[in-house]
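The lines below spell out each chain.
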Amino acid sequence: MATPFLTTSTTLSLSLSTHLHRLSSSLSSTCFPFKPNLHRVPRNPSLLASYGNPHLLFNHEDHHSTYKSLLSTRVLGPKSNFLQMGPSETSCSREILVKSSASDSSNTVISTLSQKVFGVLHLVVSLGIVLAMDKFLKQAFVAAAIKFPSALFGMFCIFSVLVILDTTIPAAATSLTNFFEPALMFIQRWLPLFYVPALVVLPLSVRDIPAASGLKICFIIAGGWLASLCVAGFTAIAIRKIVKTEMVDAEPMAKPSSFAPIEFWTWGGIFLASFVSAIFYPTALGTTARTCLPFLLASTVLGYMVGSGLPSAVKKVLHPIICCALSADLAAVAFGYISHSGVDAVLGDYLTKVSSNPGAGDILMGFLGSVILSFAFSMFKQRKLVKRHAAEIFISIILSSLFSLYSTALVGRLVGLEPSLTVSILPRCITVALALSIVSLFEGANSSLTAAAVVVTGLIGANFVQATLDKLRFRDPIARGIATASSAHGLGTAALSANEPEALPFCAIAYGLTGIFGSLFCSVPVIRQSLLAIVG
């Protein structure tokens, strides 16, 4: 009775083997690199006996799975993926996938490279336009014999244009802002550097001042900075309470990227190569100023990078601006000692103030006008907040400007400071460009002392403004921005905005308005005479 079952099993196995052989032959012609031998059926009697029972073959799941496993192993070879569905399961599919992945990777690399090239070109074009605009305005104001700073005029012009476009063609204002975004981020990233040159050459500016007078000036500057900051900040808060303007959050401002190690090593290499070259060939680039320019510029940049990487607790005491200035001064001292030229000569080459023979400081200060122009875009981004808080902004800045001028004159007389020196430090809270214009209205003023007083005020503000604002519990960006710029102008603005970009718009408008109101007040004969009367 076993013979029919055995015959049936054998027939079934051969039929199944023939069917699989035909199917495999059709597939192997396209995808399989080998031809499996489907005629190798199992000859194990025990297994064949089990296959001979139809109930065992078709009704029992364990024997059915065993048979499928056996076919997979014997017929198709070990680890075969035959009859498994999926794009990565066959050799031809894997080959297509490899080619597709290589193509996608190549396209990604090309796309990334093109984006980087486009980004660099976008930065160069946008920043070049801002620099060209600043240069054009300077030349126009010089030709017209206008003493008012051209960059401040340009800042308010740009802001006005953006506001008008936003009212009439909003898409145009947005497109214009987006176009200049790379330039704005570049300026914001390096903002403190552009105010450092006056601090680097500070030893040359204060050399001829007597020690006793210098101490009195330092007392006036330090105390006056704190007093001006308090007046501006508390006035802004008080006016808001009077007009009952509800404080709303400022528009989020993007923070510039941190410095990469490749940037540090690149500037370090420039410093070493140019420093050694300048020692052996002092006039390799024509003049000593141009020859010293690369390593003095690199030392300034490296100082800023190192200072920016310090822990937050350290930066509250040693601000990156101080590290920046100290780094440049140390480089000047080292070169002056090794080359036997003296530190004074090297600092003189750092800031020559001669366009045909620029030094590192001249290159950095060449961006100051562009910095002021860029403030227009920051103000525009926060235009709704500026409009909402116009009362506290304008009133606090006007009161702070008047307080700064009159308090300096009064304290100078009380401490017995020479009238000429007191007049020279009157515009201590106003940016250098406007401060020099203001003291030119007074006879006998020392412009070098004016620049030094402005720089020291900014240095104090840059180093201590954040800690002081926290102690005074000035929380909102309006009070912090106005108090900072009204008391410490550009250096304070650079220091605060580096960590609090949301305060930059209010720093910018306070920075500009403080200088404008100070210039206007001192231009009025009555106010100027009253200041002279207080000074004595």
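This section reports on the structure supplied with the text. Predicted model, so just to flag it, every value in this text is computed and none were measured. (Residues numbered from 1 in each chain as written. Predicted model: local features only at pLDDT ≥ 70, side-chain atom pairs only at ≥ 80, totals over all residues. Heavy atoms only, no water.)

**As for the overall build of the chain**
Link 1 in the chain: Each helix and strand in the chain was counted, giving 26 helices and 0 strands.
Link 2 in the chain: Here the chain has roughly 27,000 Å² of accessible surface; of this, 68% comes from carbon and sulfur atoms. (Helix = DSSP H or I, 4+ residues; strand = E, 2+ residues; numbered from the N terminus. Areas by Shrake-Rupley, 256 points an atom, 1.4 Å probe, with all protein chains shown as cover.)

**Thoughts on unusual backbone geometry**
Link 1 in the chain: Phi at A145 takes a positive value of approximately 60°, unusual for a residue other than glycine.
Link 2 in the chain: Along the chain, the position of A145 falls in the loop between helix 5 (91–143) and helix 6 (150–168).

**A look at the environment of V346**
Link 1 in the chain: With respect to the element layout, V346 can be found in helix 16 (residues 343–350).
Link 2 in the chain: Along the backbone, V346 and A289 are 57 residues apart, and their C-alpha atoms lie at a distance of 7.9 Å.
Link 3 in the chain: The contact partners of V346, leaving out residues within four places of it in the chain, are L296, A332, F335, G336 and S341. (Contact = heavy atoms within 4.5 Å.)

**Observations regarding the layout of surface pockets**
Link 1 in the chain: Its volume calculated, the largest pocket comes out at about 1,500 Å³.
Link 2 in the chain: In terms of lining residues, the largest pocket is bounded by 48 residues, among which K138, M365, G366, L368 and A433 are the most central.
Link 3 in the chain: A per-class count over the lining of the largest pocket returns 32 nonpolar, 10 polar and 6 charged.
Link 4 in the chain: In terms of lining residues, the second largest pocket is bounded by 27 residues, among which S308, K315, P320, A498 and N499 are the most central.
Link 5 in the chain: Within the residue set of the lining of the second largest pocket, elements represented by two or more residues are helix 8 (181–189), helix 13 (288–308), helix 14 (312–315), helix 23 (447–471) and helix 24 (477–499).
Link 6 in the chain: Its residues assigned to classes, the lining of the second largest pocket shows 12 nonpolar, 10 polar and 5 charged.
Link 7 in the chain: Residues lining the lining of the second largest pocket come from more than one domain, with at least three contributed by each of domain 1 (129–256 + 362–535) and domain 2 (261–361). (1 Å grid on protein atoms, 1.4 Å probe; cavity = no way out; pocket = protein on both sides within 12 Å on 5 of 7 lines; lining within 4 Å. Points joined across faces, edges and corners; volume = space filled by probe spheres on them. Nonpolar A, V, L, I, M, F, W, Y, C, P; charged D, E, K, R; others polar. Domains from an automatic or database assignment.)

Coordinates in, geometry out; function isn't part of it.
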